[in-house]
Amino acid sequence: NSGEGSVYISSELFRQVTSIDGEVDSVGDFEIINSYRLLDEELGRVAVQNRVVKYLVPGDPLYSESGGGAVSWLDYRWEMLRVKTCIETPYGLQCAPIS
């Protein structure tokens, strides 16, 4: 299969603010890093490695100790399998199951 073993890597940064009854309880910066590797193009199988990284923000009492680096991370691995293919057409979304 063409493309087999191809890898795509993405990274997303965001700030999460948690509030309770309208009062800010916690603030944290996170980075989500994903690596997608094509296992089988014909079947639509993809292996994913996912890392969720936590950073402290200025104002946190331990921020200066962290030196701006990650303070924790979680790693996940899973496989995805395409179950249908959808294409936008002038007549609306047309979907077909993968056989």
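In case you missed it, the structure is sitting above this.
Rules used in this analysis
- Residues numbered from 1 in each chain as written.
- Predicted model: local features only at pLDDT ≥ 70, side-chain atom pairs only at ≥ 80, totals over all residues.
- Heavy atoms only, no water.
- Helix = DSSP H or I, 4+ residues; strand = E, 2+ residues; numbered from the N terminus.
- Rg over C-alpha atoms; globule rule 2.2 N^0.38 Å.
- Buried < 20%, exposed > 50% of the residue type's maximum accessible area, 1.4 Å probe, protein only.
- Contact = heavy atoms within 4.5 Å.
- Salt bridge = Lys/Arg side-chain N within 4 Å of Asp/Glu carboxyl O.
- Disulfide = S-S within 2.5 Å.
- Pairing = 2+ DSSP bridges.
- Axes fitted to C-alpha atoms, helices over the stretch in contact; angles between N-to-C directions.

Caption draft 1: Representation of the overall build of the protein chain in the model. Within the protein chain, the regular secondary structure consists of one helix and six strands. Ordered by position from the N terminus, the helices and strands of the protein chain form the series β-β-β-α-β-β-β. In summary, the protein chain has a C-alpha radius of gyration of 20 Å against a globular reference of 13 Å for 99 residues, an excess of more than 25%. Projecting the C-alpha coordinates of the protein chain onto the three principal axes gives extents of approximately 55 × 35 × 20 Å. In the protein chain, which comprises 99 residues, the proportion classed as buried is 19%. Pairs at least 24 apart in sequence give 42% of the contacts found in the protein chain among residues at least 6 apart.

Caption draft 2: The pattern of salt bridges, seen in detail. Tallying each qualifying case throughout the model produces three salt bridges. Arg15 serves as the salt-bridge partner of Asp29, at 2.6 Å between the closest nitrogen and oxygen. Placement of Asp29 in strand β2 (residues 23–40) and of Arg15 in strand β1 (residues 7–20) is noted, with a sequence separation of 14 residues between them. Residue Arg45 pairs with Glu79 through a salt bridge whose shortest N-O separation is 3.2 Å. Within this pair, whereas Arg45 is found in strand β3 (residues 45–55), its partner Glu79 is found in strand β4 (residues 70–81), the two being separated by 34 residues in sequence.

Caption draft 3: Molecular detail of the state of the cysteines. On inspection of all chains with the given rule, the structure shows one disulfide. Here Cys86 pairs with Cys95 through a disulfide, and the sulfurs are 2.1 Å apart. Of note, the bridge from Cys86 to Cys95 carries an S-S torsion of about 110° and is right-handed in sense. Take Cys86: its relative accessible area is 35%, and that puts it in the partly exposed class.

Caption draft 4: Structural detail: the sheet that holds β4. On the basis of which strands lie adjacent, the open sheet formed by four strands has the order β1-β2-β3-β4 and antiparallel pairing. Two strands lie at the open edges of the sheet, namely β1 and β4, each paired on one side alone. Direction aside, neighbouring strands of the sheet carry axes that sit 20° apart on average. As paired strands, β1 and β2 are joined by 14 bridges and run antiparallel to one another. Each bridged residue has a counterpart across the sheet, and for Glu12 the counterpart in β2 is Ile32.

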